[in-house]
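# Fold and contact review
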Amino acid sequence: MPNSMTPTQQAYLQLQEAFNYFNESLFQGRLPQSLIIHARKGRTYGYYCPERWQGSGSHKDQIVDEIALNPQHFRTRSLEEVLSTLAHEMVHQEQHHFGKPSRTGYHNKEWGNMMKAIGLHPSNTGEPGGTETGQQMTHYIIKGGPFDNAVSELVAKGFSLTWSDIVQEDVDEQLRQNPRKKTKWKFTCPECGQLTWGKSDLMVKCGRDDALMVSYELEALQAEAC
């Protein structure tokens with residue numbers, strides 16, 4: 001990438017380059033182009049909003065999706081982890097256009113299978129053994145899987161993200177050391193997404209599915225819906 005580019009050009013062309021690379025290598029090139037942005041949104045790593053932007057003038061009939069990455073986490077996560085969030089949001093886009101998403105913010109089994117197909121394993125904790133469906137969901141990279149191979153090839157070509165947010169570069173460490181104190185926690189059924197609230201040590205089952213409801217200490221680390 002030429003050094004004569006402005007910071008804006010560098011930052012957003014790099015996001016576009018990564019999107020194009022993953023679209024071809026992981027999604028058979030079938031995802032429509034999106035408007036990819038940086039957005040600071042609480043604890044989230046990124047999010048996806050379908051049909052968020054409309055053109056004007058000669059583009060007035062064109063409506064495109066939005067994919068956002070939170071630059072506050074670029075310095076506290078590896079490049080591969082940051083790019084895995086981009087791929088995560090691209091799976092939401094794939095499901096929106098070619099699958100059957102559940103209600104806003106809920107991650108269903110179809111989405112989970114799409115994630116696994118590209119080499120990202122859904123998990124509410126970001127670790128093996130976590131719940132694979134539900135309202136709040138992140139993932140971990142499957143070693144030797146399609147995403148792991150694709151991102152390794154991209155990085156080997158010299159890809160990098162030139163710019164990152166320094167104002168809250170330690171936001172992840174701050175959250176780990178000083179978690180928010182709650183008098184009430186949110187509990188979600190991993191099967192149907194039913195919500196309830198109570199004390200952190202509450203043990204409660206969903207009346208619909210008889211499944212043990214899960215509380216989320218790291219609330220909305222990976223919120224994708226608008």
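Here the structure is a predicted model, which means the values were calculated and not measured.

This next bit is on the confidence of the model for the protein chain. The predicted model of the protein chain averages 85 in pLDDT, with 81% of residues at 70 or higher. Considering each helix and strand of the protein chain separately, the mean pLDDT is smallest for helix α5 (residues 171-177), with a value of 51, and largest for helix α4 (residues 146-156), with 98. Throughout residues 216-224 the model reports pLDDT below 50, and contacts reaching past four residues in sequence, or to other chains, amount to 41 contacts.

Before going further, it helps to spend a moment on helix α2 (residues 79-98). The end-to-end C-alpha distance of α2, which contains 20 residues, comes to 28 Å, matching closely the 28 Å that a straight helix rising 1.5 Å per residue would cover. Counting buried positions over the 20 residues of α2 gives 14, a clear majority of the element.

Our next topic: the pairing of strand β4 (residues 120-123). Residue alternation in β4 divides its side chains into two sets, Leu120 and Pro122 and His121 and Ser123, and both sets are buried. The pairing of β4 with strand β5 (residues 138-141) spans four bridges and is classified as antiparallel. Across the sheet, the residue bridging to Pro122 is His139, located in β5.

Here the focus is the pattern of salt bridges. Applying the stated criterion across every chain, the model contains three salt bridges. Between Arg30 and Glu94 there is a salt bridge, with its nearest N and O atoms 2.9 Å apart. Within this pair, whereas Arg30 is found in the loop between α1 (7-26) and β1 (35-38), its partner Glu94 is found in helix α2, the two being separated by 64 residues in sequence. Glu94 sits in the buried class, given a relative accessible area of 8%.

Once that is clear, we can look at the packing of aromatic side chains. Under the defined criterion, the tally for this structure stands at two aromatic pairs. Judged by centre distance (6.2 Å) and plane angle (70°), the rings of Tyr21 and Phe22 are edge-to-face. As far as burial versus exposure is concerned, Tyr21 and Phe22 are alike and both buried. Pairing Phe22 with Phe147 gives two aromatic rings, centres 5.3 Å apart and planes at 45°, and the pair type is tilted. With Phe22 in helix α1 and Phe147 in helix α4, the pair connects residues that are 125 residues apart, well separated along the chain. Side by side, Phe22 and Phe147 carry an identical accessibility label, which is buried.

In this section: the packing of α2 against helix α3 (residues 109-117). Viewed as axis vectors pointing N to C, α2 and α3 meet at an angle of 125°, and their least axial separation amounts to 10 Å. Of the possible angle classes, the one that applies to α2 and α3 is oblique. Seen from above, α2 lies across α3 with right-handed handedness. Counted together, His88, Val91, His92, Glu94 and Gln95 of α2 and Glu110, Trp111, Met114 and Met115 of α3 form the full contact between these two elements.

By size, the foremost hydrophobic cluster in this structure holds 32 residues, and its most contacted members are Phe22, Leu83, Met90 and Phe147. If you list the elements that add at least two residues to this core, you get α1, β3 (63-69), α2, α3 and α4. In terms of nonpolar packing, the next biggest core, distinct from the first, is built from five residues, Ile37, Ala39, Tyr47 and Cys49 among them.

Along α3, the residues that are buried comprise Trp111, Gly112, Met114 and Met115. Buried residues in α3, looked at end-on, bunch into an arc of 160°, giving them a common side. More than 90 degrees from the buried face of α3, the exposed residues found are Lys109, Asn113 and Ala117. Looking at the buried side of α3, the elements it contacts are α2, β4 and β5. N-cap assignment for α3: the residue whose side-chain oxygen lies 3.2 Å from the backbone N of Glu110 is Asn108. In the stretch just after α3, Gly119 is the one whose phi turns positive, near 95°.

What counts as what
Residues numbered from 1 in each chain as written. Predicted model: local features only at pLDDT ≥ 70, side-chain atom pairs only at ≥ 80, totals over all residues. Heavy atoms only, no water. pLDDT = per-residue confidence, 0-100. Helix = DSSP H or I, 4+ residues; strand = E, 2+ residues; numbered from the N terminus. Contact = heavy atoms within 4.5 Å. Expected span 1.5 Å × (residues − 1). Buried < 20%, exposed > 50% of the residue type's maximum accessible area, 1.4 Å probe, protein only. Pairing = 2+ DSSP bridges. Salt bridge = Lys/Arg side-chain N within 4 Å of Asp/Glu carboxyl O. Phe/Tyr/Trp six-rings, centres within 6.5 Å; stacked < 30°, edge-to-face > 60°. Axes fitted to C-alpha atoms, helices over the stretch in contact; angles between N-to-C directions. Parallel < 35°, antiparallel > 145°, perpendicular 65-115°, else oblique. Left-handed = near helix turned anticlockwise from the far one by under 90°. Core = buried A, V, L, I, M, F, W, Y, C linked by side-chain atoms within 4.5 Å. Arc of directions from axis to C-beta. Polar contact = N/O pair within 3.5 Å; in protein donor to acceptor, adjacent residues only side chain to side chain.

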